[in-house]
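Single-letter residue listing:
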Amino acid sequence: MTTAAAHDLLIIAGKEYSSRLIIGTGKYETYEQNAEALKASGAEIITVALRRVNLLDPDQPMLVDYIDPKDVTFLPNTAGCFTGEDAVRTLRLAREAGGWNLVKLEVLGDKTTLYPNMPETFRAAEMLIGDGFDVMVYCNDDPIAAKTLEEIGCCAIMPLGAPIGSGLGIQNPVNIRIIIENANVPVLVDAGVGTASEAAEAMELGCDGVITNTAIAEAKDPVLMASAMKHAVIAGREAYLAGRMARKMYADPSSPLGGLI
Amino acid sequence: MTISITLNGEDRSIPRPMSVAELLVAFKLEAKKIAVERNLEIVPRSAYDTVTVEDGDRLEVVRFVGGG
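Reading guide: rules and limits
Residues numbered from 1 in each chain as written. Chains lettered and ligands numbered in written order. Predicted model: local features only at pLDDT ≥ 70, side-chain atom pairs only at ≥ 80, totals over all residues. Heavy atoms only, no water. Helix = DSSP H or I, 4+ residues; strand = E, 2+ residues; numbered from the N terminus. Rg over C-alpha atoms; globule rule 2.2 N^0.38 Å. Buried < 20%, exposed > 50% of the residue type's maximum accessible area, 1.4 Å probe, protein only. Core = buried A, V, L, I, M, F, W, Y, C linked by side-chain atoms within 4.5 Å. Contact = heavy atoms within 4.5 Å. Lys, Arg positive; Asp, Glu negative; His and termini not counted. Salt bridge = Lys/Arg side-chain N within 4 Å of Asp/Glu carboxyl O. Polar contact = N/O pair within 3.5 Å; in protein donor to acceptor, adjacent residues only side chain to side chain.

## Remarks on the overall build of chain A
- Counting its secondary structure elements, chain A contains ten helices and ten strands.
- The C-alpha atoms of chain A give 20 Å as radius of gyration, which agrees with the globular expectation for 261 residues (18 Å, within 12%).
- Principal-axis analysis of the C-alpha atoms gives chain A an extent of 85 × 40 × 35 Å.
- The buried share among the 261 residues of chain A stands at 50%.

In structure tokens form, the structure reads like this:
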């Protein structure tokens, strides 16, 4: 491996990670399967949600019984929040439950598309950063919105590749590339990746990382897909660092033309 | 004297005003894995013994679950 790839770390809010894959923890059949997939993925950060304790069954299995926050970074999300206030309230509780400042902000616009509500996202990001949080932010694939979020102080910009849970792949690679070119903080594609090649595509565009949940959890074999995603992200990153060949309009022989018998 | 509270959106009665720590024990909730909000204000873990749950309080007890 060349030096460039060997020392290629993802740095978010001052902390170094060797894996560029972040996985979600929703939709798995069991927490055991989730923990196995995590191991296979090599991810060092997982997204988690915050929900009410079930009062009728307080002893039901808990995520933290299977995945230890000491071993991986828990990234609490605000999934299901439709206003800035809801998001801030949720993440303050998450900070109390976990004791860390790194969070994933997502403020949704509607239940059909789960597309982000950007004005509310801007407002919530300002409130959270004012309150000392390190904010990784789910956003649309608008380069101007992404730049605004960086200027507000977000520590990572995370445009969607396609609607959450759709598995449709990177729908707007042009915009993702522009967002990456303009950014001085890590850019991660969050949402839309459906299979390994699409994770590799995001990385080849120059993304600093990929977040995926459904593509792994809803694969027929989630643990195997977690492994595939790990390799795809590494392959895509190395291809990006290596720099692809120029596209040509016609064939160009790989074997020498001279010395033919 | 029974008091009424709203706990995770449900109406509940408890026999008397009690600390958050006592309330968690009464509902068999393990304090180290959760966060508590009382009337929209976070109750820090260090204050579970000193903050009293009173009549009409709205409490939320939350934990981490799988999510994307």
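Moving on, there is more to tell.
## Let's talk about the nonpolar core
- In terms of nonpolar packing, the biggest core is built from 68 residues, with A:L105, A:L149 and A:I157 touching the most fellow members.
- Here this core gets six residues from one element, more than from any other, and that element is helix α4 (residues 84-98) of chain A.
- If near-sequence neighbours (up to four positions away) are discounted, A:L149 is found in contact with A:M118, A:T121, A:F122, A:A125, A:V137, A:C139, A:C154 and A:I157.
- In terms of nonpolar packing, the next biggest core, distinct from the first, is built from 22 residues, A:L55, B:I14, B:L24 and B:V51 among them.

## What about the side chain of A:D208?
- Within the secondary structure, A:D208 sits in the loop between α8 (196-204) and β10 (209-212).
- No salt bridge is formed by the buried A:D208; the nearest opposite charge belongs to A:R20, separated by 4.0 Å.

## Quick look at the interface of chain A and chain B
- Chain A puts 34 residues into the contact, and the matching count from chain B is 27 residues.
- Across the chain A-chain B interface, the total number found is two salt bridges.
- For B:E37, the salt bridge goes to A:R89, with nearest N and O atoms at 2.4 Å.
- At the junction of chain A and chain B, the tally comes to 16 residue pairs in polar contact (both at pLDDT 80 or more).
- Only β4 (45-52), α3 (63-66), β5 (73-76) and α4 of chain A provide two or more residues apiece to the side of chain A that touches chain B.
- The dominant element in the side of chain A that touches chain B, judged by the number of residues it contributes, is α4(A), at seven residues.

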